[in-house]
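This is what each chain is made of:
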Amino acid sequence: MDEYADQLVDRPALESYLGARLGPAENWSISRLEQGHSNETLLLDWDDRSLVLRRPPAGETADTAHDVLREYTVVDALQNTPVPVPDTVLACDDASIIGGQFYLMERVDGTVPRDEEPERFASPDHRERLGIEHVDTLAAIHSVDYEAVGLGDFGHPEGYTARQVRRWSEQYTWAFERTGERREVPAVYELMEWLLDNVPEEQPAPTLVQGDYKLDNVMFAPGTPPELVAVFDWELATLGDPLTDLGWMLSFWRDPADPAPALPGMTPRFMQRDGYPTRAELVDRYEQQTGVEYRNDRFYRALAVYKLGAMGEMFFRRYLEGGGDDPLYPKMEDGVPALAERGLRIAHGEEPL
């Protein structure tokens, strides 16, 4: 592994820890998966077992931003539900083992449609099916009886939506302590004020929310037709307003007539091709599957872009402090201002559903 990756794993300590719990391995290896920009994902081969290790990034992070054991709790609770998640293996709350808390899950085979559509899905019928699988899985998450699976105390749903605005504002503030030395982002404060003034008074009943539901956090099985077999990256999951999840998903989904993305080169555009459902069609499908009406679209999509910008600003602080080598991080110097302007366009009705 490279120099940064070496900070993520104490190999002798990990081998000793896993040997005592999984049994000794004659051959084992671990490598860092480069995709993803938040918690670190490492591929672990332990003899004939193919596993995934999740841990926080190295270096200082904002409070609660990288809680992998919270992620483990929800994935473990969803093992026997209609929500597709990897099989969990173990969790370790002792940060002294490898320098951070971590958990293990079984590896799932398939394709994450991160930058481009899988070639086997390049037909109108498969594209439509991919979109339906995507939104139906979100509906399944929101339909989980969270009390029955042991997640009744997993969050504080009352006031969740307003807290989201405050929480991500606090993340901006944390990041600006360092990034403000490089440049200011006035549009963030304008968008912050609009969101605080427009929190919906009426909201649907609380559900389990995934917190980061989008195409590059799901996996489709090999072969056709598209079958969604795993949802990843549950670190932001909690109990709250399901429409925050839907708005987040929609903020990443592109319609054919959309303007150029705020982050050119980093925003997939393949769902603009013939056959993919439009955002409005995804909303119709979601409403049919859940019985929940999607109201206040401008708020929920603007909040999604605001949240993405906060993540980007935290990445930019980490870059300035030498805490990560992700090539996306330095691009946030210009990317976050562009996202803030996009959020304002959505808020003002200039980028409709």
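What you see is a predicted model, and the numbers here were worked out from it, not measured in a lab.

*Asks:* Even after reading the chapter, I still don't get the overall build of the protein chain, so can you show me in this structure?
*Replies:* Scanning the protein chain from N- to C-terminus turns up ten helices and nine strands. Here the C-alpha radius of gyration of the protein chain, 20 Å, is about what a compact globule of 353 residues would show, namely 20 Å. Seen through its C-alpha atoms, the protein chain measures out along the principal axes to roughly 60 × 50 × 40 Å. Within the protein chain, the fraction of its 353 residues that count as buried is 54%. When contacts within the protein chain are restricted to residue pairs at least 6 apart in sequence, those whose partners lie at least 24 apart make up 74%.

*Asks:* When you look at the nonpolar core in this model, what are you seeing that I'm missing?
*Replies:* Across soluble globular proteins, nonpolar side chains have a tendency to be buried as a group. Judged by nonpolar contacts, the single largest core of 78 residues is most densely connected at Val 74, Leu 195, Leu 208, Trp 234 and Tyr 306. Ranked by residue count, the leading element in this core is helix α9 (residues 297–320), at 13 residues. Within the second largest apolar cluster, 20 residues are counted, among which are Leu 14, Tyr 17, Leu 90 and Cys 92.

*Asks:* What's the story with the sheet that holds strand β5 (residues 102–106) in this structure? I'm lost.
*Replies:* In any sheet, the strands associate via hydrogen bonds between backbone groups, in a parallel or an antiparallel arrangement. Reading across from one edge, β1-β2-β3-β5-β4 is the order of the five strands in this open sheet, with antiparallel pairing throughout. Taken across any chain shown, the strands that pair with only one partner, and hence form the sheet edges, are β1 (28–32) and β4 (88–92). If you compare each strand with its neighbour and ignore which way they point, the axes differ by 20° on average. By the bridge criterion, seven bridges tie strand β2 (residues 40–46) to strand β3 (residues 49–55) in an arrangement that is antiparallel. Along β3, the bridge assignment pairs Thr 41 with Arg 54. Along the sheet, helix α2 (residues 11–22) makes contact with β1, β2, β3, β4 and β5, crossing β4 at roughly 125°.

*Asks:* What am I meant to see in the pattern of salt bridges here?
*Replies:* Pairing between side chains of opposite charge can happen when the charged atoms of each approach one another. The full count for this structure, using the stated rule, is 24 salt bridges. Its salt-bridge partner being Arg 54, residue Glu 71 comes within 2.9 Å of it at the nearest N-O pair. With Glu 71 in helix α3 (residues 68–77) and Arg 54 in strand β3, the pair connects residues that are 17 residues apart, well separated along the chain. Assigned by exposure class, Glu 71 and Arg 54 land together as buried. A salt bridge links Glu 202 to Arg 295; the shortest N-O distance between them is 3.6 Å. Of this pair, Glu 202 sits in the loop between α6 (186–197) and β6 (207–209) while Arg 295 sits in the loop between α8 (279–290) and α9, and the two are 93 residues apart along the sequence.

*Asks:* Explain the environment of Gly 335 here, please?
*Replies:* By secondary structure assignment, the location of Gly 335 is in helix α10 (residues 328–347). Residue classification places Gly 335 among the buried residues on the basis of a relative accessible area of 4%. Sequence separation between Gly 335 and Pro 264 is 71 residues, and the spatial gap between their C-alpha atoms is 9.1 Å.

*Asks:* I keep staring at empty space enclosed by the protein and nothing clicks. Help me out?
*Replies:* Where empty space is left becomes clear once a probe the size of a water molecule has been rolled over the atoms. Per the counting criterion, the structure on display carries two cavities of 30 Å³ or more. Estimated volume of the largest cavity: approximately 80 Å³. Residue lining of the largest cavity: Tyr 160, Gln 164, Gly 211, Thr 244, Asp 245, Trp 248, Tyr 300, Leu 303, Ala 304 and Lys 307, and that is the complete set. Mapped onto the lining of the largest cavity, the elements with two or more residues apiece are α5 (160–179), α7 (242–252) and α9.

*Asks:* Explanation requested: α6 in the structure shown.
*Replies:* Each α-helix winds once per 3.6 residues, and so residues spaced three or four apart point in a common direction. The end-to-end C-alpha distance of α6 is 17 Å, a good match for the 16 Å that twelve residues give at a rise of 1.5 Å each. Along α6, the positions that sit buried rather than exposed are Ala 187, Val 188, Leu 191, Met 192, Trp 194 and Leu 195. Down the axis of α6, the buried side of the element spans an arc of 165°, and every buried residue falls inside it. Exposed side of α6, more than 90 degrees from the buried face: Pro 186, Glu 193 and Asp 197 are the residues found there.

*Asks:* Looking at this structure, how should I read the pairing of β3?
*Replies:* Side chains on a regular strand alternate between the two faces of the sheet. The element β3 is extensively covered by neighbouring structure, given that five of its seven residues are classed as buried. Taken together, β2 and the strand that follows it, β3, pair antiparallel across an intervening segment of two residues, in which Asp 47 is found at a positive phi of about 55°. Pairing geometry for β3 and β5, over four bridges, is antiparallel. Its bridge partner being in β5, Leu 51 is matched across the sheet by Glu 106.

*Asks:* How should the packing of aromatic side chains be read in this particular structure?
*Replies:* Applying the stated criterion to the full structure yields 14 aromatic pairs. Look at Trp 28 and Trp 46: their rings are 5.6 Å apart centre to centre, the planes differ by 50°, and that puts the pair in the tilted class. In this pair, Trp 28 sits in strand β1 while Trp 46 sits in strand β2, placing the two residues 18 residues apart along the sequence. Residues Trp 28 and Trp 46 agree in their burial class; the two are buried. A centroid spacing of 5.8 Å and a plane angle of 40° characterise the contact between Phe 176 and Tyr 189, whose relative ring orientation is tilted. Of this pair, Phe 176 sits in helix α5 while Tyr 189 sits in helix α6; the two residues are 13 residues apart in sequence, bridging distant segments of the chain. Judged by its relative accessible area of 12%, Phe 176 falls in the buried class.

*Asks:* When you look at the environment of Arg 183 in this model, what are you seeing that I'm missing?
*Replies:* If you trace the backbone, Arg 183 turns up in the loop between α5 and α6. Given a relative accessible area of 12%, Arg 183 falls into the buried group. Setting aside anything within four residues of it in sequence, one finds Arg 183 in contact with Glu 313, Phe 316, Met 332, Glu 333, Val 336 and Pro 337. At 2.7 Å, the side chain of Arg 183 and the side chain of Glu 313 are in polar contact.

About the cut-offs
Residues numbered from 1 in each chain as written. Predicted model: local features only at pLDDT ≥ 70, side-chain atom pairs only at ≥ 80, totals over all residues. Heavy atoms only, no water. Helix = DSSP H or I, 4+ residues; strand = E, 2+ residues; numbered from the N terminus. Rg over C-alpha atoms; globule rule 2.2 N^0.38 Å. Buried < 20%, exposed > 50% of the residue type's maximum accessible area, 1.4 Å probe, protein only. Contact = heavy atoms within 4.5 Å. Core = buried A, V, L, I, M, F, W, Y, C linked by side-chain atoms within 4.5 Å. Pairing = 2+ DSSP bridges. Axes fitted to C-alpha atoms, helices over the stretch in contact; angles between N-to-C directions. Salt bridge = Lys/Arg side-chain N within 4 Å of Asp/Glu carboxyl O. 1 Å grid on protein atoms, 1.4 Å probe; cavity = no way out; pocket = protein on both sides within 12 Å on 5 of 7 lines; lining within 4 Å. Points joined across faces, edges and corners; volume = space filled by probe spheres on them. Expected span 1.5 Å × (residues − 1). Arc of directions from axis to C-beta. Phe/Tyr/Trp six-rings, centres within 6.5 Å; stacked < 30°, edge-to-face > 60°. Polar contact = N/O pair within 3.5 Å; in protein donor to acceptor, adjacent residues only side chain to side chain.

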